[in-house]
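Here is what each chain is made of, one letter per residue.
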Amino acid sequence: MEIETLIRAIPDFPIPGILFRDITPLLKDKQGFRRTVDLFVERFSGRGIDYVVGIEARGYILGAPIAYAIGAGFIPVRKPGKLPHEKLSEEYALEYGTNSLEIHADAIGKGDRVLVVDDLLATGGTAAATARLLERLGADVDAFAFLVELTQLRGREALGGAEIVSFVAY
C-alpha cells in the first residue's frame, strides 16, 4: 500500500499560500492507518525508547499507538492552557506565525530516551521547540519521526544531531 496516495493536498489552508497536507483520509482508511503505524513501529521497536512524545494534535493520533506497540509510555506536548499541572513552556515560529508548546514539568526524567512523533515536518519550529522542552527536562531525544516531510522548507536543519525519519517526502 502506498500511503502517500491517501494524503490529500489542500491549497490555501490555514492561510493563503500554504499547501496543507491532510492526513485525515489516511487515518480513515483502516489499512492505511495500520500500515502507517506499522512503519513507525518497524523502525523504532527494540531501541529502548522509554517514552513517545506526541506533538499536539496529530502527533497524538500517531504517537499513542506507536508507544503502545513498542512498549513505551506516551507523553503529550500541548498548546498553551491545556495542561493542569506545573508545566514548562516554549515559544516557536511556524511558517505562518508563532505559537508555544507546553509539557508537564514532571513528564520525563533525566536520561529518559524519547522518540518525538508528529505528522509533519515543515520548518522544524514545532519539533525544535519540543526538543528544547525535553532538553530542559534532561531527556535524551533518540529520534524525531514524521509521517510527512516538506523538504523544501528544510526543517531538518532546525533539529540538530538527533536521527530524523520521515516516510513521505514532498
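Conventions we followed
Residues numbered from 1 in each chain as written. Predicted model: local features only at pLDDT ≥ 70, side-chain atom pairs only at ≥ 80, totals over all residues. Heavy atoms only, no water. Core = buried A, V, L, I, M, F, W, Y, C linked by side-chain atoms within 4.5 Å. Buried < 20%, exposed > 50% of the residue type's maximum accessible area, 1.4 Å probe, protein only. Helix = DSSP H or I, 4+ residues; strand = E, 2+ residues; numbered from the N terminus. Contact = heavy atoms within 4.5 Å. Pairing = 2+ DSSP bridges. Axes fitted to C-alpha atoms, helices over the stretch in contact; angles between N-to-C directions. Right-handed = clockwise from strand over helix to strand, strands pointing away. Parallel < 35°, antiparallel > 145°, perpendicular 65-115°, else oblique. Left-handed = near helix turned anticlockwise from the far one by under 90°. Nonpolar A, V, L, I, M, F, W, Y, C, P; charged D, E, K, R; others polar.

Draft legend 1. Looking closely at the nonpolar core. F40, V52, I66, I70, L115, V117 and L147 are the most contacted members of the largest nonpolar core, which totals 27 residues. Elements represented by at least two residues in this core include exactly helix 2 (30–44), helix 3 (58–70), strand 7 (113–121), strand 8 (140–149) and strand 9 (163–169). Here this core takes 5 residues from helix 2, the largest share from any one element. Once you skip the residues sitting within four places of it in the chain, V52 turns out to touch G63, I66, A67, I70, A72, G73, F74, I75, L115 and V117. Counting 26 residues, the second-largest nonpolar core is a separate cluster that includes I103, L121, A129 and L137.

Draft legend 2. Main features of the sheet that holds strand 9. One open sheet holds the 5 strands; their spatial order is 4-3-7-8-9, and the pairing between them is parallel. The sheet is open, and its two edges are formed by strand 4 (73–77) and strand 9, each paired on a single side. Averaged over all adjacent pairs, the angle separating strand axes in this sheet is 20 degrees, with direction ignored. Bridge analysis of strand 3 (residues 51–55) against strand 4 gives 5 bridges, and the strand direction is parallel. Looking at the pairing, V53 lines up with I75 of strand 4.

Draft legend 3. Structural context of the pairing of strand 3. Most of strand 3 sits inside the fold, with 4 of its 5 residues counted as buried. In this region the chain leaves strand 3, passes through helix 3 and returns to the parallel neighbour strand 4; the handedness of that crossover is right-handed. The sheet contact formed by strand 3 and strand 7 spans 4 bridges and is parallel. Each bridged residue has a counterpart across the sheet, and for G54 the counterpart in strand 7 is V117.

Draft legend 4. Spatial organisation of the packing of helix 2 against helix 3. The interhelical angle for the contact between helix 2 and helix 3, taken along N-to-C directions, is 50 degrees, at an axis separation of 9 Å. Considered as vectors, helix 2 and helix 3 are oriented oblique to each other. Where helix 2 crosses over helix 3, the two elements pack in a sense that is right-handed. Contact residues: F33, T36, V37, F40, V41 and F44 in helix 2; I61, L62, P65, I66, A69 and I70 in helix 3. Taken together, the residues of the contact of helix 2 with helix 3 break down into 11 nonpolar, 1 polar and no charged.

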